[in-house]
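# Inside the fold
If you want the building blocks of each chain, they are given just below.
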Amino acid sequence: MARKISFINYKGGVGKTSLIVNTAAALAKMGKRVLLFDFDTQSNASIWLLKLDRWNKINATGEGAIYSIFDPGRGQVKDLVVKDVVEGKSGEKLLPGLDLVPTTFNLVDLENEYTGDPKRPPYLVFHEQLAAIEANYDFILFDCPPNILRASQCGVFASNEIYVPANPDALSLIGFTLLVEKLQKFHQLSASFRRAAMGAPAQVHGIIFNSIKTGVDIEVPKMRMQLRLNQFKTAKRAAPVAKIFDTQIRDAMVVRRAVALGLPVALVSAEAADAGPTGDNVITDYRKLANELVGHVQG
Ligand SMILES: Nc1ncnc2c1ncn2[C@@H]1O[C@H](COP(=O)(O)OP(=O)(O)O)[C@@H](O)[C@H]1O
Ligand SMILES: [Mg+2]
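If you're wondering where the values come from, they're calculated on a predicted model, not measured in any experiment. (Residues numbered from 1 in each chain as written. Chains lettered and ligands numbered in written order. Predicted model: local features only at pLDDT ≥ 70, side-chain atom pairs only at ≥ 80, totals over all residues. Heavy atoms only, no water.)

As a structural note, the neighbourhood of ligand 1 is formed by 14 residues, with Gly13, Lys16, Ser18, Arg250 and Ala252 the closest of them. A distance of 3.1 Å is found between an oxygen atom of ligand 1 and a backbone nitrogen or oxygen belonging to Val14. Within the backbone of Gly15, a nitrogen or oxygen atom sits 3.0 Å from an oxygen atom of ligand 1. When the free accessible area of ligand 1 is taken as 560 Å², the share hidden by the protein chains comes to 80%. Contributing elements (two or more residues each) for the shell around ligand 1: helix 1 (16–29) and helix 8 (253–261). For the shell around ligand 1, the element with the most residues is helix 1, which contributes three residues. Its residues placed into classes, the shell around ligand 1 shows four nonpolar, six polar and four charged. (Near = heavy atom within 4 Å. Polar contact = N/O pair within 3.5 Å; in protein donor to acceptor, adjacent residues only side chain to side chain. Areas by Shrake-Rupley, 256 points an atom, 1.4 Å probe, with all protein chains shown as cover. Helix = DSSP H or I, 4+ residues; strand = E, 2+ residues; numbered from the N terminus. Nonpolar A, V, L, I, M, F, W, Y, C, P; charged D, E, K, R; others polar.)

Take a look at the structure:
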């Protein structure tokens, strides 16, 4: 069965999209079958992986974008999958195994204009359609905006695990705290739609520190985060297995450059990847993170 995972934090700019895209790429490189859903209307992950030309075509009509399953309601999740999304200049497949369901800017209309059947909230519609393709994957990942509004709810409701990207600062800790509160509320709100076969509602399973500068000591913010996590675990508001990941992702220029190149960092040439004196670089961080995620038992 596919592991279904959302990356989310109530703080923006912590690196949710960079982490999920590069972790997805690392998982695909390990031979896992990976499907990434972009649930952030800003479309960062979609523009990144499709590159602007291909994404523009989808944005112009909305056809092929996730919002089409809600409005006009004719789209089906299974038909929206862009197989082996990462392509080179002449359309050659660069990363087999990494698929994407893209979004465009119209996803924002889900939050206001959309008036569906109140007995069938968007997350339920999405979840039913996801079932048709789940068996094709080892990992299904959801990139979410920094909130739990309707678009995010689709990812959160379908997920069994949640990971929280964080920077070593107070705002990330506040974002995490707020996330756990809002998660709790959403799980209550959606409880009547949850069937036993769906498994337990997703709790936080891990915190991942991102964008760590060399020589910066993050022990204190890490300790604060650990204390908060322990409180949530005691209160059963985080998964028993929840932990701060041993792997942290360094701050590296190539992560920002990769976006402009339309490639996951793992496909940017090694010498561009800020290899330090030991040859160790941010690509290794993402690979380690993917390994740690694979080995992180569900509870
Ligand atoms: N490890 C990193 N090193 C350097 N820059 C990073 C790293 N991770 C993320 N960034 C940059 O930080 C900014 C915010 O990251 P992004 O992934 O878009 O965050 P979010 O999805 O949480 O809003 C982007 O410009 C991104 O390129
Ligand atoms: Mg993002």
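Let us keep going from here.
Locating Ser159 in the fold gives a position in the loop between helix 5 (150–158) and strand 5 (161–166). Classification of Ser159 by relative accessible area gives buried; the value is 0%. Among the polar contacts made by the side chain of Ser159, one reaches the side chain of Ser6 at a distance of 2.7 Å. The contact partners of Ser159, leaving out residues within four places of it in the chain, are Lys4, Ile5, Ser6, Phe142, Ala200 and Ala202. (Buried < 20%, exposed > 50% of the residue type's maximum accessible area, 1.4 Å probe, protein only. Contact = heavy atoms within 4.5 Å.)

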